[in-house]
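Report on the structure
Spelled out from the first residue to the last, the chains are:
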Amino acid sequence: MSATVIRNDCQLSGRGTITTAAGRTFGPNHRWKVLGIGVAANAGFSATFSGIPATAVVLRQGYHLSNAELGLVLGLLGLGVALSELPWGLLTDRWGDRRVLLIGLGATAAWLLAMAMLVVPTRSSIPDVTLLGASLLVTGLLGGSVNGSSGRAIMAWFRENERGFAMSIRQTAVPLGGGLGALVLPSLALAFGFAAVFGLLAAASALSALFAWRWLHEPPMAGGGHAASSEAAGPAPLRNIEVWRISTAIGLLCFPQVAVLTFASVFLHDFAGLGTTAISASLAAVQVGAMVMRVWSGCFTDRHGNRRQFLRLCSAQSALAFVVLWLLVLAAPAMPASQSFLIAVLPLVLVVAGISVSAWHGVAYTELATLAGAGHVGTALSLANSFVFVGFFLVPVAIPGLLHLWSWPGVWLSAAACALVAWPIFLPRTEPPAAKSPDFETTTSSRPRKPDRPR
């Protein structure tokens, strides 16, 4: 079993070095290297699951896919992650962060390299949609290891009053990787084909694995010199109703985000008539804005202890932004005189909606990990990510049907509805749960902390 404790309970030796559960010593700032590994690992995988959808127009053309087939293959990538998240999380709580992250990143790199050699269009043949979909499904199954394991390591190495900030920085890796993918992968696919795309993604996973092997180790020992057991008291996440509620809300709020990530490029191309450069710039702006907001939100909620309130505000703002986008799409055909202006405004509104629905991740995952307790972080984060990546499967599959029935207004109105439904779920319960999981402070430190939610 791996130790799960926090940095301020470590053993100090020599000149402020830190002794870990395995007897290794590191400098007092080693936790920032652990955070960097989490950022690198998540950015590499985000470039895969967000960057490949950014190539949707090129992917549709290169593999000769219909819109329905495009939605299916992109959805299978998310389905793979959804199916594997919980098993990877349980393994993380049992085996430790280092082992799971090394296995997952190494296997992902090897598989993407195989895809670069075997599952790409050539002049003589085009891979079947079944082969492409199955390959992306396996990519998701292997890449699901990244989310729970890197988050658990960061929660263990940082103090309570730093965790929102640290987890928000870690979550900036998702828009960082997605933004880089949106900027680089479509042009790379046009110029050099998908062999270069999959090869570059394989290299990113391999580099993250190298960083993890070098610097990611088990967290520090408890103050008495004994590692805290990962078997924390209290209900396991799968029996904790509050963990299920927050995980469900996280999943629902990700549905509109997935709609932006997977089909915004198609929307801007087919409806707004933008080219590859403008589309890449718009998607990159979403990701950069999300990065800035995630870091700010982590600092803000650490300072004010208002995670639940912030999550409800993000839900409401996201719903409003997608309603505005829905109204603009409805108005464009009905107002020919203003159509050019409306088409020019659409990318800006889409960017605002995409940032609103992507700004809350670090805060939500910190709240969820605190609810779950120190020994169950991997399981809790993986449960939430299972809901998230169910969205990555269902949304791309559902959007072609919505387009057929109600065109783009139906897509963006549905996105607004999902964000609105998430709002009441983030409300704290009026009565505390019958049995609560201890948070990090009560499990691994005697230092009391000020609660940021009703007890």
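Rules used throughout
Residues numbered from 1 in each chain as written. Predicted model: local features only at pLDDT ≥ 70, side-chain atom pairs only at ≥ 80, totals over all residues. Heavy atoms only, no water. Helix = DSSP H or I, 4+ residues; strand = E, 2+ residues; numbered from the N terminus. Buried < 20%, exposed > 50% of the residue type's maximum accessible area, 1.4 Å probe, protein only. Contact = heavy atoms within 4.5 Å. Areas by Shrake-Rupley, 256 points an atom, 1.4 Å probe, with all protein chains shown as cover. 1 Å grid on protein atoms, 1.4 Å probe; cavity = no way out; pocket = protein on both sides within 12 Å on 5 of 7 lines; lining within 4 Å. Points joined across faces, edges and corners; volume = space filled by probe spheres on them. Nonpolar A, V, L, I, M, F, W, Y, C, P; charged D, E, K, R; others polar. Expected span 1.5 Å × (residues − 1). Arc of directions from axis to C-beta. Polar contact = N/O pair within 3.5 Å; in protein donor to acceptor, adjacent residues only side chain to side chain. Phe/Tyr/Trp six-rings, centres within 6.5 Å; stacked < 30°, edge-to-face > 60°. Salt bridge = Lys/Arg side-chain N within 4 Å of Asp/Glu carboxyl O. Core = buried A, V, L, I, M, F, W, Y, C linked by side-chain atoms within 4.5 Å.

**Let's talk about the overall build of the protein**
Looking only at helices and strands, one finds 16 helices and 3 strands in the protein. Classification of the 455 residues of the protein by burial places 59% in the buried group. In the protein, of all internal contacts separated by at least 6 residues, the share reaching a separation of at least 24 is 85%. Approximately 17000 Å² of the protein is accessible, and the part contributed by carbon and sulfur atoms is 68%.

**Observations regarding the layout of surface pockets**
Of the voids in this model, the largest pocket is the one considered here, and its volume is about 260 Å³. Among the elements of the structure, helix 1 (30–49), helix 8 (160–192) and helix 9 (194–215) are those that each provide at least two residues to the lining of the largest pocket. Across the lining of the largest pocket, the residue classes break down as 12 nonpolar, 4 polar and no charged.

**Overview of helix 6 (residues 129–143)**
With 15 residues, helix 6 ought to run about 21 Å at 1.5 Å a step, and its terminal C-alpha atoms sit 21 Å apart, in line with that. Those residues of helix 6 not exposed but buried are Leu132, Gly133, Ser135, Leu136, Thr139, Gly140 and Gly143. All buried residues of helix 6 project into a common sector of 160° when viewed along the axis, lining one side. You can read the cap of helix 6 off the contacts: a side-chain oxygen lies 2.7 Å from the backbone nitrogen of Thr130, and it is on Asp128.

**Looking at the packing of aromatic side chains**
Summed over the entire model, instances satisfying the criterion amount to 16 aromatic pairs. Connected via pairs of aromatic rings, a cluster forms that spans Phe267, Phe271, Phe322, Trp408 and Trp412.

**Some details on empty space enclosed by the protein**
Applying the stated criterion to the full structure yields 4 cavities of 30 Å³ or more. Within this model, the largest cavity holds a volume of roughly 130 Å³. Looking at the largest cavity, it is lined by 15 residues, and the ones nearest its centre are Phe49, Val174, His361, Tyr365 and Val388. Those elements that provide at least two residues to the lining of the largest cavity are helix 1, helix 8, helix 10 (241–270), helix 14 (361–372) and helix 15 (377–425). It is helix 15 that provides the largest number of residues to the lining of the largest cavity, a total of 4 residues. Grouping the constituent residues of the lining of the largest cavity by class yields 8 nonpolar, 6 polar and 1 charged. Its volume calculated, the second largest cavity comes out at about 80 Å³. If you go around the second largest cavity, the residues you meet are Ala54, Val57, Val58, Pro186, Ser265, His269, Thr276, Ile279 and Ser280. The set of elements that each furnish at least two residues to the lining of the second largest cavity consists of helix 3 (56–62), helix 10 and helix 11 (276–304). Looking at the lining of the second largest cavity element by element, the count peaks at 3 residues for helix 11.

**Overview of the environment of Gly354**
Tracing the backbone shows Gly354 in helix 13 (residues 339–356). For Gly354, a relative accessible area of 0% translates into the label buried. The contacts of Gly354, once residues within four sequence positions are left out, are Val260 and Val286.

**Some details on the side chain of Thr139**
Structurally, Thr139 can be placed in helix 6. Assessed through its relative accessible area of 1%, Thr139 is described here as buried. Here Ser135 takes part through its backbone oxygen, which lies 2.9 Å from a polar atom of the side chain of Thr139. Aside from chain neighbours lying at most four places away, what touches Thr139 is Phe45, Thr48, Leu77, Trp111, Leu112 and Met115.

**Details of the pattern of salt bridges**
Under the counting rule described, the total for this entry stands at 7 salt bridges. Between Arg60 and Asp270 there is a salt bridge, with its nearest N and O atoms 3.6 Å apart. Taken together, the residues Arg60 in helix 3 and Asp270 in helix 10 connect sequence positions 210 residues apart. Of the residues examined, Arg60 reaches a relative accessible area of 17% and is grouped as buried. Look at the salt bridges and you will find they share partners, linking Glu242, Arg245, Asp302, Arg307, Arg308 and Glu367 into a network.

**A look at unusual backbone geometry**
The residue His64 is not glycine, and still its phi comes out positive at about 55°. Note on placement: His64 falls in the loop between helix 3 and helix 4 (67–95). The phi angle at Ser407 is positive, at roughly 60°, despite the residue not being glycine. Mapped onto the fold, Ser407 is located in helix 15.

**Notes on helix 1**
For helix 1, built from 20 residues, the straight-helix expectation of 28 Å at 1.5 Å per residue is met to within 8% by its first-to-last C-alpha distance of 29 Å. Among the 20 residues in helix 1, 16 count as buried, and that is most of the element.

**Overview of the nonpolar core**
When a protein is soluble and globular, its nonpolar side chains tend to lie buried together. With 120 residues, the main nonpolar core has Phe194, Phe198, Ile250, Phe322, Trp360, Trp408 and Trp412 as its most contacted residues. Per-element accounting of this core gives the leading share, 20 residues, to helix 15. When neighbours within four sequence positions are excluded, Phe194 is seen to be in contact with Thr55, Val58, Leu59, Tyr63, Val120, Pro121 and Ala189.

**Comments concerning the side chain of Thr92**
Mapping Thr92 onto the fold places it in helix 4. According to the relative accessible area criterion, Thr92 is buried, its value standing at 0%. Within the structure, Thr92 has its side chain in polar contact with the backbone oxygen of Trp88 (distance 2.9 Å).

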